[in-house]
Amino acid sequence: LALPIGFNFPSSCKVAELFEAKFLEKSALEWEAELEAAGLPCAVIQTWTDWMKDKDARAARIVAEVGGEPQLGRTAWIKSAGEYPDLQLLQKGLTVSKEKSGPVPSVAGSPATRPLEGYVIADFANVIAGPACGRMFAELGATVYKLGPGIPQHGPMVMMVWQAELHQGKQSIILDAKKESAREVIKKAIESADVVLLNKMDNQLVSLGLNRETLDIVNKKAVLLQLKSHQGERYTMKSNWNGYDPALQGKTGLMTRFGPHDPAEVAKKGAGAGTPNFHGVASCVDYLTGYMAMWGGLAALYKRDSTKAEVGDWAVTSLATCASLTQLTLQKNEPPPSAVGCYATGMTSHNRVYKVAGGKYIYGQAPESADLVKLTADLMKMDVDGACKFFESEFKALAVPVNTVKEIAAICSDGGSITANFKKKDSGMGWVVETWEPTWFCLDGQPLSCAGAPTFSGADAVPILEALGYSQGQILGLKQSRAVVPTNWHKWAEDTEAPKLKLHYSDDLSKDGLE
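Residues numbered from 1 in each chain as written. Predicted model: local features only at pLDDT ≥ 70, side-chain atom pairs only at ≥ 80, totals over all residues. Heavy atoms only, no water.

**Q** Before we move on, could you go through the overall build of the protein chain and cite the residues and values that matter?
**A** Within the protein chain, the secondary structure is distributed over 21 helices and 17 strands. The principal-axis extent of the C-alpha atoms belonging to the protein chain is close to 80 × 65 × 55 Å. The burial tally for the protein chain puts 42% of its 515 residues in the buried class. Sequence-distant contacts, at least 24 apart, represent 67% of the contacts inside the protein chain between residues at least 6 apart. Total accessible area on the protein chain stands at roughly 27,400 Å², and carbon and sulfur atoms take up 58% of it. (Helix = DSSP H or I, 4+ residues; strand = E, 2+ residues; numbered from the N terminus. Buried < 20%, exposed > 50% of the residue type's maximum accessible area, 1.4 Å probe, protein only. Contact = heavy atoms within 4.5 Å. Areas by Shrake-Rupley, 256 points an atom, 1.4 Å probe, with all protein chains shown as cover.)

Structure below.
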C-alpha cells in the first residue's frame, strides 16, 4: 500500500474506494491518533495559517516567536550547541565585529579538488531525503558507503528507478543484518566513518544500535546525522512522529495550496478552500531536507575538526522544518487567489504566466498600468520568442519561456552549459541512465559534478569489503553465506543464473530448514 503505483489501475481504484468509505467513519483527528498509535504515517490536512499556530510546531520552535510575531525557526541544529538562543529581530546599521574566537582553518599542501576527499560516510538512509544528502557528500569528494537492507524495503520505483539519480558517486553493498558476520561488516563500516547518516526515528536508532550512545562505544568521533519527520530544535511530544514527505505536505499547508481551487472561494475562505492535493508524491520537501541535513552534517564536521574534539556531534533536521521553509515568503500573508491551486498563474495579476501562440506559455513581469485584457489578447498572436522580445521592447521588463522538464532536458543535453547539463551516465554494468548533472556546489567558479555514475544496489560489495580490510577468502565466505546479499537482491555478476529466490535470509530459519 505504500506504493499504490505498483497496483494495476482497477485494483488501485478498488482500494481507493474501500479506503474512502472507511475514512468517512471517523474524524481526521481520530484517524491521525489511531494510525499514529499503530506506527503509520497520518496527518490532518491543514492550512499554512493553521500550521503557524500549531501548538507542537511552536513548542518545537519549528515556528519561533521573534519580536512578538511568529516566524520560521532554525532548520538544522547540532547537539553540542546546547540550548539555542532566541532568534532576534534584524537590527539595521550595526557594525559587525570581525573578531573570531575560533581557530583559523589551515591546510598542509595543496587543497583537495573536492573538499571532503578522505572522509567516509556510512549511509543507511532510504527513499529520497537521506539518499540526496549522501549524494551531496559524494559530490564534495567523500567516500560514501551505501549500506542496504537484506530485503528490499520498498518497490522497484524506490529501490531501482530513484537510485539512478540518488546513488550517483556512491558505493553500494547489501547486508543481511540478521547474520552475525553481516553485523560485523556494519560495525567495521561505522568504525571507518566520519558521518553515520540515517533517516530513522529515535527508537529505530536504538534498535539498530546506531544511536549516539552506541556510536560513542564503536566510533566516538563519528558524527550522527539524523533526518526525521517532525522535530524542531526543541524536543516535543511529536519529535518521534512517523511521517513521509506527503504527510508533511498535508500538515504544513502545502496540499491546500496545490489542490484545484475556485479562486472566488479562496478569496472568501483562504487557502484551505477547495480540494487538497499533492505538490508531488515526493516533492521539493524531500530534497530540501537532504540539503539541510548536509548543512547540519558539515557544521558538525567543521566543529569536530576545528576544535579537535574527541567525540562526534549529533546533527538533526526534519521534513517539517523544510516543508515550512518552502513557504518562507508567505509567513505574513496567505497568497492571493491567482497563486493558489493547480491553475495558478502568479502572485499578481500582471506578474504571471501568459499563454502565447501554439499552446505555449511565457512568464512575464508587466507593469500594473498595462491593459491586461489587451496584453493577453496580443500575446496570444505571438510565438514564444516574439512575446519575450515584446516584453523587453514595450515594458523594458523580464519575460522567459515556460518549458516542461523534457524540453529543458533537450535544451541542456548538448553540453553547452556548465550549470544545467542533462547527460547519459554509464557505470559499465549495462545500466545507462540519463539524469541532471548535479551542480549544487561551485569552487573557484566551477561547479562540482557528481563523482561517478550510479551503480546497481550491492554491486560494489567487493571493493567496499577490501577497503574495510577483508581478504579474498573472507569475502568469498560472506558471499556464499549470503551475509552479503547479491547485486539487486538477485545474483552476482559472475553467477550464470540466480539462486532460488529466498524471501528471508535468516540464520534462524536456515537452522530449522525453513529458509
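Here the narrative resumes, following the displayed structure.
**Q** Run through the packing of aromatic side chains, naming residues and quoting values.
**A** Aromatic rings in a pair are described by how distant their centres are and how their planes are angled relative to each other. Inspection of every chain in the model, using the stated rule, returns 8 aromatic pairs. Note on F23 and W31: the rings are 5.0 Å apart at their centroids and 80 degrees apart in plane angle, and the pair reads as edge-to-face. Assessed through its relative accessible area of 10%, W31 is described here as buried. Pairing Y354 with F391 gives two aromatic rings, centres 5.7 Å apart and planes at 55 degrees, and the pair type is tilted. You can see Y354 sitting in strand 10 (residues 351-355) and its partner F391 sitting in helix 17 (residues 384-395), a full 37 residues away along the chain. Like F391, Y354 is buried. Directly above the aromatic system of Y354 lies the positively charged group of R352, at a separation of 4.8 Å from the ring centroid. Here K479 stacks its cationic end above the ring of W492, 4.6 Å away from the centre of that ring. (Phe/Tyr/Trp six-rings, centres within 6.5 Å; stacked < 30°, edge-to-face > 60°. Lys NZ or Arg CZ within 6 Å of the ring centre and 35° of its normal.)

**Q** Help me get a handle on unusual backbone geometry, residues and values and all.
**A** At R61, a residue that is not glycine, the phi angle is positive and equals roughly 65 degrees. Here R61 shows up in the loop between helix 4 (55-59) and strand 1 (63-66).

**Q** Please provide a residue-by-residue account of the sheet that holds strand 17 (residues 484-485), values included.
**A** Strand pairing in a sheet relies on backbone hydrogen bonds, with the paired strands running either antiparallel or parallel. Here we have 8 strands laid out as an open sheet, ordered 3-9-8-7-4-5-6-17, and mixed in their pairing. Across the chains shown, the open sheet's two edge strands, defined by having one partner strand only, are strand 3 (77-78) and strand 17. Bridge count between strand 7 (residues 195-198) and strand 8 (residues 223-228): 4 bridges; the pairing is parallel. Paired with V196 across the strands is L224, a residue of strand 8. (Pairing = 2+ DSSP bridges.)

**Q** Which residues make up the environment of G358, and what are the values?
**A** Relative to the assigned elements, G358 resides in the loop between strand 10 and strand 11 (361-365). When its relative accessible area of 75% is taken as the criterion, G358 is described as exposed. Separated by 25 residues in sequence, G358 and D383 have C-alpha atoms that sit 7.0 Å apart.

**Q** For the pattern of salt bridges, give the residues involved together with the corresponding values.
**A** Using the criterion set out here, one finds 20 salt bridges in the structure. Where E69 meets K332, a salt bridge forms, and the shortest distance between an N and an O atom there is 2.1 Å. Here E69 is found in strand 2 (residues 69-72), whereas its partner K332 is found in the loop between helix 15 (319-325) and strand 10, with 263 residues between them in sequence. (Salt bridge = Lys/Arg side-chain N within 4 Å of Asp/Glu carboxyl O.)

**Q** How would you explain the sheet that holds strand 10 if you had to name every residue and give the values?
**A** Taken in spatial order, the 3 strands make up an open sheet running 10-11-12, and their pairing is antiparallel. The open sheet is flanked by strand 10 and strand 12 (399-402), the only strands paired with a single partner. Direction aside, the axes of adjacent strands within the sheet are offset by 25 degrees on average. Two elements, strand 11 and strand 12, share 4 bridges in a ladder whose sense is antiparallel. Residue I362 lies in a different strand from strand 12, and its bridge partner there is P401. (Axes fitted to C-alpha atoms, helices over the stretch in contact; angles between N-to-C directions.)

**Q** Would you mind going over helix 17 in detail, with residue names and values included?
**A** Along its 12 residues, helix 17 runs 16 Å from first to last C-alpha, staying within 8% of the 16 Å computed at 1.5 Å per residue. Residues of helix 17 that are buried: V384, A387, C388, F390 and F391. Axial view of helix 17: buried residues confined to an arc of 155 degrees, hence all on one face. Exposed side of helix 17, more than 90 degrees from the buried face: D385, K389 and E392 are the residues found there. Where helix 17 is buried, its residues meet strand 10, strand 11, helix 16 (372-379) and strand 12. In this structure D383 caps helix 17, since a side-chain oxygen of it lies 3.4 Å from the backbone nitrogen of D385. Positive backbone phi, at 55 degrees, marks K396, one or two positions downstream of helix 17. (Expected span 1.5 Å × (residues − 1). Arc of directions from axis to C-beta. Polar contact = N/O pair within 3.5 Å; in protein donor to acceptor, adjacent residues only side chain to side chain.)

**Q** Report on a nonpolar patch on the surface, specifying residues and quantitative values.
**A** Taken together, V405, I408 and W436 make up a surface patch of nonpolar side chains, about 250 Å² in accessible area. Following the sequence through the fold, I408 ends up in helix 18 (residues 405-411). (Patch = residues over 30% accessible without salt bridge, like charges linked within 9 Å, V, L, I, M, F, W, Y side chains within 5 Å.)

**Q** Quick rundown of the environment of D385? Include the residues and the values.
**A** With respect to the secondary-structure elements, D385 resides in helix 17. The class for D385 is exposed, based on a relative accessible area of 53%. In the structure, D385 is positioned 16 residues away from P401 in sequence and 7.9 Å away in space, judged by C-alpha atoms.

**Q** Give me the environment of G416: which residues, what numbers.
**A** Along the chain, the position of G416 falls in the loop between helix 18 and strand 13 (422-426). For G416, a relative accessible area of 66% corresponds to the exposed category. For the pair G416 and I151, spaced 265 residues apart in the sequence, the C-alpha separation amounts to 42 Å.

**Q** Could you give an account of the pairing of strand 14 (residues 432-436), naming the residues involved and the relevant values?
**A** Two faces belong to every sheet, and in a regular strand the side chains alternate between them. What you see with strand 14 is a clean split: V433 and T435 sit on the buried side and V432, E434 and W436 on the side with no burial. In the sheet, strand 13 pairs with strand 14 via 5 bridges, with the strands oriented antiparallel. Among the inter-strand pairings, K425 is bridged to a residue of strand 14, identified as V433. Linkage of strand 13 to strand 14, two consecutive antiparallel strands, is achieved through a turn of 5 residues, within which G428 is found at a positive phi near 85 degrees.

**Q** Give a description of the packing of helix 5 (residues 129-139) against helix 14 (residues 284-306) that names residues and reports values.
**A** It is at 7 Å that the axes of helix 5 and helix 14 come closest, and there the two elements cross at 50 degrees. By the angle between their axes, helix 5 is oblique relative to helix 14. Considering only the axes of helix 5 and helix 14, their crossing is right-handed. Residues A129, A132, C133, R135, M136 and F137 of helix 5 pack against D286, Y287, T289, G290, Y291, A293, M294, G297 and L301 of helix 14. (Parallel < 35°, antiparallel > 145°, perpendicular 65-115°, else oblique. Left-handed = near helix turned anticlockwise from the far one by under 90°.)

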